[in-house]
Amino acid sequence: MDIKDIKKIVRDEITESIFQLQDFLLVGNWKMNKTKQEIIDFLNVIVNHDFGEKNSIIVIPSSPYLYLFEEKLRYSKIQYGVQNFYPKDEGAFGCKYAIVGHSERRNIFFECDAFTSKKIKACIENKIIPILCIGEHLEQRKNGEYKKILVDQIREDLSKVSGDELSTVIIAYEPIWAIGTGETASPEQVEETHIFLRNFLIEEYGNEIGNNIPLLYGGSVKPSNIKELALAQSVSGFLIGGASLDAQALIEMSNILDGK
Ligand code: PGA
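Below, the structure is looked at part by part. (Residues numbered from 1 in each chain as written. Predicted model: local features only at pLDDT ≥ 70, side-chain atom pairs only at ≥ 80, totals over all residues. Heavy atoms only, no water.)

**Brief notes about the nonpolar core**
Most often, soluble globular proteins keep nonpolar side chains buried together rather than apart. Our working definition: The criterion is simple. A nonpolar core is a set of buried Ala, Val, Leu, Ile, Met, Phe, Trp, Tyr and Cys residues joined through side-chain atoms within 4.5 Å. Burial classification: accessible surface area is computed with a 1.4 Å probe over protein chains only, and a residue below 20% of its type maximum counts as buried, one above 50% as exposed, and the rest as partly exposed. Residue contacts are counted whenever heavy atoms from the two residues lie within 4.5 Å of one another.
Grouped together as the largest cluster of nonpolar side chains are 64 residues, with contacts concentrated most on Phe69, Ile154, Leu158, Ile171, Tyr217, Ile226 and Phe238. Once residues lying within four places of it in the same chain are set aside, the contact partners of Leu158 are Ile120, Leu132, Leu166, Val169, Ile171 and Tyr205. If you look at the next biggest cluster of nonpolar residues, it comprises 13 residues, including Ile60, Ile99, Cys133 and Leu216.

**Brief notes about the layout of surface pockets**
Using the following cut-off: Residues are said to line a cavity or pocket when one of their atoms sits within 4 Å of a point; the points come from a 1 Å grid over protein atoms alone, cavities being sets where a 1.4 Å probe fits but cannot get out and pockets being open sets with protein on both sides within 12 Å along at least five of seven lines. Grid points are joined across faces, edges and corners, and a volume is the space filled by probe spheres set on the points. Strands are runs of DSSP state E lasting at least two residues, helices are runs of H or I lasting at least four, and both sets are numbered from the N terminus onward. When residue character is reported, Ala, Val, Leu, Ile, Met, Phe, Trp, Tyr, Cys and Pro are called nonpolar, Asp, Glu, Lys and Arg charged, and the others, Gly included, polar.
Taken as a whole, the largest pocket encloses approximately 320 Å³ of empty space. In terms of lining, the largest pocket is formed by 14 residues, of which the most central are Lys31, Gln83, Glu104, Arg105 and Phe109. Here the lining of the largest pocket gets three residues from one element, more than from any other, and that element is helix H4 (residues 103-108). Residue composition of the lining of the largest pocket, grouped by class: five nonpolar, six polar and three charged.

**Thoughts on the site of the ligand**
Applicable threshold: If even one non-hydrogen atom of a residue comes within 4 Å of a molecule or strand, that residue is called near it. Within 3.5 Å is the distance limit for a polar contact, defined as a pair of N or O atoms, with the added protein rule that one can donate a hydrogen and the other accept it, and that residues adjacent in sequence qualify only through two side-chain atoms. Each accessible area is a Shrake-Rupley estimate made with a 1.4 Å probe; only the visible protein chains count as cover when residues are assessed.
Every one of the 13 residues lining the ligand counts as a neighbour, but Lys31, His102, Glu174, Gly180 and Ser220 are closest to it. At 2.8 Å from an oxygen atom of the ligand is found a side-chain nitrogen or oxygen belonging to His102. Here the ligand loses 95% of its free accessible area of 280 Å² to cover by the protein chains. Tallied by class, residues from the shell around the ligand come to four nonpolar, seven polar and two charged.

**Side note on empty space enclosed by the protein**
Applying the stated criterion to the full structure yields one cavity of 30 Å³ or more. Gly101, His102, Ser103, Arg106, Cys133, Ile134, Gly135, Glu174, Ile176 and Ile179 together form the lining of the largest cavity. Put simply, the parts of the chain that give the lining of the largest cavity at least two residues each are H4 and strand E5 (129-134). Taken together, the residues of the lining of the largest cavity break down into four nonpolar, four polar and two charged.

**Regarding the pairing of strand E7 (residues 215-218)**
What counts, and what does not: What makes two strands pair is DSSP finding at least two bridges between them.
Burial along E7 is two-sided: Leu215 and Tyr217 and Leu216 and Gly218, pointing in opposite directions, are all buried. When E7 meets strand E8 (residues 237-240), the two strands line up parallel, connected through three bridges. Bridged to Tyr217 within E8 is Phe238.

**Describing the packing of aromatic side chains**
Note the following rule: In summary, the pairing rule links any two rings of Phe, Tyr or Trp, Trp by its six-membered ring, whose centres are within 6.5 Å, and it sorts them by plane angle into stacked for under 30 degrees, edge-to-face for over 60 and tilted for everything else. Counting as a charge over the ring demands two things of the Lys NZ or Arg CZ atom: a distance within 6 Å of the ring centre and an angle within 35 degrees of the ring normal.
Going through the model one piece at a time under the given rule, you end up with five aromatic pairs. Seen in terms of ring centroids, Trp30 and Phe42 are 4.6 Å apart; in terms of plane orientation they differ by 85°. Their pairing is edge-to-face. Placement of Trp30 in the loop between strand E1 (25-29) and helix H2 (36-47) and of Phe42 in helix H2 is noted, with a sequence separation of 12 residues between them. Across the pair, Phe42 and Trp30 agree in class, each one buried. Their ring planes at 55° and their centres at 6.3 Å tell us that Tyr173 and Tyr217 sit as a pair that is tilted. Taken as a pair, Tyr173 in strand E6 (residues 170-173) and Tyr217 in strand E7 lie far apart in primary sequence, 44 residues in all. Under the relative-accessibility criterion, Tyr173 is labelled buried at 1%. We classify Tyr217 as buried; its relative accessible area is 0%. Stacked on the ring of Phe85, the Lys or Arg Lys119 has its end atom at 5.7 Å from the ring centre.

As structure tokens, this is what we get:
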């Protein structure tokens, strides 16, 4: 056997044991996709699938269909959330998660960091876990400005919450150039950025909170690249758009992260 084959076997074994130990968060961001019947069909598939105990699965459909999730997933470990809301007290639907600061809200609806920070605050006050999306444009990646952009977003967006409140926040790093484009950040780029963000969080909010804020990666994640991306250090899970619309792809990605 060639040394390259031996190295590959060892690497695969290590990978499998890492995946058996680490738990991941898989969040499906559906945007405006799927009709009522398509959602029912999807839920019928996933509700009967055993996702195991390790990974957490959260699906974020368009809000008019949340009631289907409430009905169908009542006894399931699969959770669900909302894609958007207005930062006022009344009207929170009974779900646990909300995506905040997605680049499509920032770029298409011109939502700024000041508004995003109000949403984060409203989430915490209403016991909803915010999934705060941050990310840079392609030019900012190319000219090396991206780290400053990411840090500025986190500082401003989290400026209205402090102390223990921060321990309920999830952050998703989503480079804008990789969203819906089919172009994924390379595992090296993801690792470098996630390590940078993890160090920043520790410096800014202390060891305890900084180490525990989950850091997801999002941007063209799919069954064919999720394994490599999951091996990047400091990746706690994924925010997945297109590929999460297919129940079988979601199951496949969860299986891969389960080391199956
Ligand atoms: P994508 O979307 O996986 O289709 O790139 C990710 C997102 O918009 O959160």
